[in-house]
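Residue strings, one per chain:
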Amino acid sequence: MKLASLLSLVLTAGAVTVLATATAAQAAPGVTPPGVSLTLGPGQSADIAKHVETAPVPPKPDIVFLADTTGSMTGPIADVRANAASVMGQIAAAQPQARFGVAEYKDFEDSAPFTVRQDITADQAAVQAGIDQWVAGGGGDLPEDNLNALFQLANGAVHFRDGGTRIVVVFGDAPSHDPSLGHGLADTVAALNAAHIRVVAVDVGGMNAGGQAEAITSGTGGVYLPDVPADQVSAAILAGVQAIQVKVAPVVFDCDGNLALTFDPASKTVDSGATADFTEHVTVAGGAAPGTYTCKVDFQVDGVSQGAAFIQTLSVTVLTIAINDVVVDENAGNATFTVSLSGPATSPVSVHYATADGTATAGADYTAGSGTVTFTPGQTSRPVTVPVVNDAVDELDESFTVNLSAPAGAAIADGTGLGTIVDADRNGTFSCTAQVLRVGPLSSPAANPANVPCADDSKVLAQLTLDSGLIKVESKTLDANAALTPDNLDAAPAAGDNGTAKATVESVKITAGGVAPITIELGLIQATAKATCASGPGGLAPVLSGSSSIAYLKINGIAVTVGSAPLTVPLVVGSLKLNATTTTPTSVTQQAVVLDTLLTDVVISEARADIHGTAANPTGNPCRV
């Protein structure tokens, strides 16, 4: 409280109501807030505003009432005597541990220049009895011997308690001799400071001559109140005690090693009853595991604990954020990651996320994204969804990442989520092609002539004659057909998926001239080649098959029995090979009829089916992904 405010209270509040008036709107002594709960991550910190309301009276006060009892002090002594009980009662109400003592001084020429009427005690009746022993008399010259009285009090004339606030309230109307019975101003101030005594000087007229009273109060951290009327000395005593400054300093104890606390300022000196403001800086150790850690702070006043109201309990919950890894098929639509908080928070927690290419490319394999994940109090998991692009290109499994950054309210324990896109495209494809008739370089149209990949196609002719000069082939109703099942291989492989080629002709007549003319007639010739996905012990695998059949055969008018079994018929012009199947690990070719001559070859009803890998899987097949 400023001096001007004190004087105003002394002059207007009445003799015994100063302390009550000063504390009417004051908050209860203690620290605010008394309890703090934070959610932080390892290595993170936070600042907390702390307000310490001090008591209107310094803690554990030992107060000695020291009166000038020379002849001119009748009025002030009467005021203090009449109001002493109220003064002590109000001080004790603010500080129940308050103790009081009584002493007086006169002039060195008087028979008793310094007398202790009551040693420090909690017995207020005894203190009142000591005050009642004050009798104004003696003196005569202007200076008195208050310096000697103060020196004696600083050197054991009364028994102050350890750990308390030692205050001497002196009131008078004259300065002191200097030196006073051998004790000068400097010696007295030094003795008071050595004894940790603060002086409140209530000047009822002339006490501060030469600045002596102010030198004593300022030198001891006390309070000087000038020009106090005789009937308001008791009110001034209350105001002066309240104006004694106290030092508030936070002392950390019972603190977990994962927490570090500092304060700005480290301590603060304020008037009794005023508020000491601090900024508490809390830091969590970088390696702190998830959990709850506590720390206590005792806001001591003048080095003395003031009890539970001045103790703050800090609770810090250390949370971490992590994101999982995800594996999805490329046809799944989305890759959904889970961002997890190690425990529920009491306030919102957030973290930024952003995708990044790995072997997968944004736009081609997935849709890039970024944003902020926020956990409301109580939530411990939040989804992050990344759309996955489903293409028809067989490729190796690819990956991208979702990276976390800029956490608020927690720390990142695992900030990289690996997204693996498992290729859902087949490791290969079918091929298929079919042709009904080929005579040397001459041929009928082929179904799916590109062969790779297999595709639905059909080539139908009513009749066709091919003449190479020496060999003439006449045919009717030709049908070359290629078919893929299913039509779209984007679907997952299944048993029965196949590529099929089929060549059929109703009738064929072959005429060869030369020295040994020959006529060959064949009816309903057909050949089929097929690559099919079939279930096996190791899962789906391709099965290659070929078959053909010939309804009838005549050579120069003579019927030859033939069906679907392989058969070779020797001829003068060469050989006639029937129902031939040629297979490799990846293909099957079915030829119903092959006329092999020195002049040229004739092939009737040829079908072929194959399996092929892809650039990513050269040895793959369409039955696997």
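Rules of the game
Residues numbered from 1 in each chain as written. Predicted model: local features only at pLDDT ≥ 70, side-chain atom pairs only at ≥ 80, totals over all residues. Heavy atoms only, no water. pLDDT = per-residue confidence, 0-100. Contact = heavy atoms within 4.5 Å. Disulfide = S-S within 2.5 Å. Helix = DSSP H or I, 4+ residues; strand = E, 2+ residues; numbered from the N terminus. Buried < 20%, exposed > 50% of the residue type's maximum accessible area, 1.4 Å probe, protein only. 1 Å grid on protein atoms, 1.4 Å probe; cavity = no way out; pocket = protein on both sides within 12 Å on 5 of 7 lines; lining within 4 Å. Points joined across faces, edges and corners; volume = space filled by probe spheres on them. Nonpolar A, V, L, I, M, F, W, Y, C, P; charged D, E, K, R; others polar. Axes fitted to C-alpha atoms, helices over the stretch in contact; angles between N-to-C directions. Parallel < 35°, antiparallel > 145°, perpendicular 65-115°, else oblique. Left-handed = near helix turned anticlockwise from the far one by under 90°. Pairing = 2+ DSSP bridges.

Caption draft 1: Looking closely at the confidence of the model for the protein. Looking at the protein, the pLDDT average stands at 92 and 96% of residues meet or exceed 70. Note on residues 1-25: pLDDT under 50 across the span, and 53 contacts to partners over four residues away in sequence or across chains.

Caption draft 2: Region of the structure containing the state of the cysteines. This model, assessed by the stated rule, comprises three disulfides. Two residues share a disulfide in this structure: Cys255 and Cys295, whose sulfurs sit 2.1 Å from each other. An S-S torsion of about -115° defines the bridge between Cys255 and Cys295 as left-handed. Of the two residues, Cys255 sits in the loop between β10 (245-253) and β11 (259-264) while Cys295 sits in strand β14 (residues 291-301), which places them 40 residues apart along the sequence. Judged by its relative accessible area of 30%, Cys255 is partly exposed. Here Cys432 connects covalently by a disulfide to Cys454, the sulfurs 1.9 Å from one another.

Caption draft 3: Fine view of the layout of surface pockets. Here the largest pocket defines a volume of roughly 190 Å³. Considering the residues around the largest pocket, the lining is formed by Ala392, Asp394, Asp425, Arg426, Gly428, Thr429, Asn488, Leu489, Asp490 and Thr614. Among the residues making up the lining of the largest pocket, the classes are represented as two nonpolar, four polar and four charged.

Caption draft 4: Expanded view of the packing of helix α5 (residues 146-154) against helix α6 (residues 185-194). Between α5 and α6, whose axes approach to 9 Å, the crossing angle comes to 30°. Put simply, α5 runs roughly parallel to α6. Seen along the crossing, α5 lies across α6 with a hand that is left-handed. Contact residues: Leu147, Leu150, Phe151 and Ala154 in α5; Leu185, Asp187, Thr188, Ala191 and Leu192 in α6. Residues belonging to the contact of α5 with α6 are distributed by class as follows: seven nonpolar, one polar and one charged.

Caption draft 5: Region of the structure containing empty space enclosed by the protein. Applying the stated criterion across every chain, the model contains one cavity of 30 Å³ or more. There is about 30 Å³ of room inside the largest cavity. Taken together, Val436, Ser444, Pro445, Lys459, Val460, Leu461, Leu478 and Ala480 make up the lining of the largest cavity. Within the residue set of the lining of the largest cavity, elements represented by two or more residues are β27 (457-467) and β28 (471-485). It is β27 that contributes the most residues to the lining of the largest cavity, three residues altogether. For the lining of the largest cavity, a count of residues per class yields six nonpolar, one polar and one charged.

Caption draft 6: Expanded view of the sheet that holds strand β15 (residues 311-318). What the five strands build is an open sheet, ordered β2-β15-β14-β10-β12; its pairing is mixed. Unpaired on one side and paired on the other, β2 (35-40) and β12 (268-271) mark the two borders of the sheet. Shown here is a sheet whose adjacent strand axes are inclined to one another by a mean of 25°, direction ignored. Summarising the sheet, β10 and β12 pair through four bridges and their orientation is antiparallel. Among the inter-strand pairings, Val246 is bridged to a residue of β12, identified as Val270.

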